[in-house]
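Residue-level structural notes
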Amino acid sequence: MSRPVTLFTGQWADLPLEVLAEKAKSFGYDGLELACWGDHFEVDKAEADPTGYAAGRKAILGQFGLGVWAISTHLAGQLVCDVNDFRTDAFAPAELAGDAEGKRAWAVEQVKRAARGAKALGVSVVNGFTGSSIWHLLYAFPPYDFKVIDEGFKYFARMWGPILDEFKNNGVKFALEVHPTEIAFDIVTARRALEAIDYHPAFGFNFDPSHLLWQGINPVKFIRAFPERIFHVHMKDAAVTLDGESSILASHLPFGDHRRGWDFRSLGHGQVNFDAIIRALNDIGYNGPLSVEWEDSGMEREFGAKEACAFVRKVDFAPSTVAFDAAFDK
């Protein structure tokens, strides 16, 4: 199959790009999905010298025969609509710690820079988060007027409309990773997000089945619900491990704690049906990268990343160009 297999660098931002690129090549990857944190793709530097900086990033990847099809701005994107309390202080410059609106203003400009940086790099997709001003209202107690939810989607549209216009002007698409704490976390809210921004042509989704599975959402139904809006694909697994004591809400236990009701797994070690997902991606004509987002607190990451690359190549296949029973017509 011609779909490139890439490694998302977000979980490897502690390593310089040169070091990670060499490792990724040895693991068998075709390219990297560059995170806009660490030194992998710094949007401030791309803004200051678009041509030179992009050429430098490509040169590093080129040393190892790697390509790039997407960059990702999850951390800055989260700040655009989040309530921006202490949890997000580490996502922005240190001098903005505790300044919710300062972090927000900084983030808006960072995400716009990501669009321009992507254009300079020659990629057409930026993945990321949007944040949500209403996630904390998920459970309606104490009771509230549901008009506040309507206002949350309107706020999302006000904040992201100008950002998406910048993406459109640069010929780049923004792919929201549908995920808890974002404005869209399932199929219902993804539809509502699209409606809120009047189906802006620059807005779509980074499909990641791991965030859907544990919520009880069928990942294949997500693909079929938004065939024209799947701009990028993350390959990541998850497992539901409810035992009658823990909750699907994870019981305030950290990732990797065996008592959790669900957790992420390295590819092939969870419960995601990747065969069905590949068939659905074939049906909608998706030919972009399959990007491994490696997250498994119970496994050594270099072993996991190498194994995951081989797993993706094994499960990926091209659609048939002929009906299997066509020979009977002869």
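Before going into details, it helps to say that this report is about the structure given with it. (Residues numbered from 1 in each chain as written. Predicted model: local features only at pLDDT ≥ 70, side-chain atom pairs only at ≥ 80, totals over all residues. Heavy atoms only, no water.)

**Focus on the side chain of Asp-263**
Let me state the cut-off plainly: Helix and strand definitions here come from DSSP, where helices need a minimum of 4 consecutive H or I residues and strands a minimum of 2 consecutive E residues; each element is numbered from the N-terminal end. For each residue, the accessible area found with a 1.4 Å probe, counting protein chains only, is set against the maximum for its type, and the residue is called buried under 20%, exposed over 50%, and partly exposed in between. Note that His is not counted, nor are the chain ends; the positive residues are Lys and Arg, and the negative ones are Asp and Glu. One side-chain nitrogen of Lys or Arg within 4 Å of one carboxyl oxygen of Asp or Glu is enough to make a salt bridge. Contacts described as polar in this section are N or O atom pairs within 3.5 Å, which, within protein, must combine one atom able to donate a hydrogen with one able to accept it, while residues neighboring in sequence count only if both atoms come from side chains.
For Asp-263, the location among the structural elements is in strand β9 (residues 262–265). We note that Asp-263 is buried and unpaired, the nearest opposite charge coming from Arg-260 at a distance of 4.0 Å. Looking at Asp-263, its side chain comes within polar contact range of the main-chain nitrogen of Gly-256, at 2.7 Å.

**Here we look at the environment of Thr-181**
Looking at where Thr-181 falls in the secondary structure, it is placed in the loop between β5 (173–177) and α7 (187–196). Once the C-alpha coordinates of Thr-181 and Asp-208 are considered, the two residues, 27 residues apart in sequence, prove to be 15 Å apart.

**What about the pattern of salt bridges?**
By the definition in use, this model includes 20 salt bridges. Taking the shortest distance from any N to any O, the salt bridge between Arg-87 and Asp-85 comes out at 2.7 Å. Across the pair Arg-192 and Asp-150 runs a salt bridge, and its minimum N-O distance is 2.2 Å. Taken together, the residues Arg-192 in helix α7 and Asp-150 in helix α6 (residues 147–169) connect sequence positions 42 residues apart.

**A look at the environment of Leu-164**
Test applied: Note on contacts: a residue pair qualifies if any of its non-hydrogen atoms lie within 4.5 Å across the two residues.
Take Leu-164: it is sitting in helix α6. Expressed as a C-alpha distance, the spacing of Leu-164 and Ser-246, which sit 82 residues apart in the sequence, is 40 Å. Dropping the residues within four chain positions of it, Leu-164 is found in contact with Phe-174, Ile-197, His-200, Ala-202 and Phe-203.

**Considerations on the state of the cysteines**
Using the following cut-off: Two cysteine sulfur atoms make up a disulfide if the distance between them is within 2.5 Å.
Summed over the entire model, instances satisfying the criterion amount to 0 disulfides. This cysteine, Cys-81, is not joined by any disulfide, and Cys-36 carries the nearest cysteine sulfur, 18 Å off.

**A few points about unusual backbone geometry**
Pro-142 follows Phe-141 through a cis peptide bond whose omega is -5°. Mapped onto the elements of the fold, Pro-142 is located in the loop between β4 (125–128) and α6. Of note in this structure, Asn-84 is not a glycine but carries a positive phi near 60°. Looking at the secondary structure, you find Asn-84 in the loop between α4 (74–79) and α5 (100–121).

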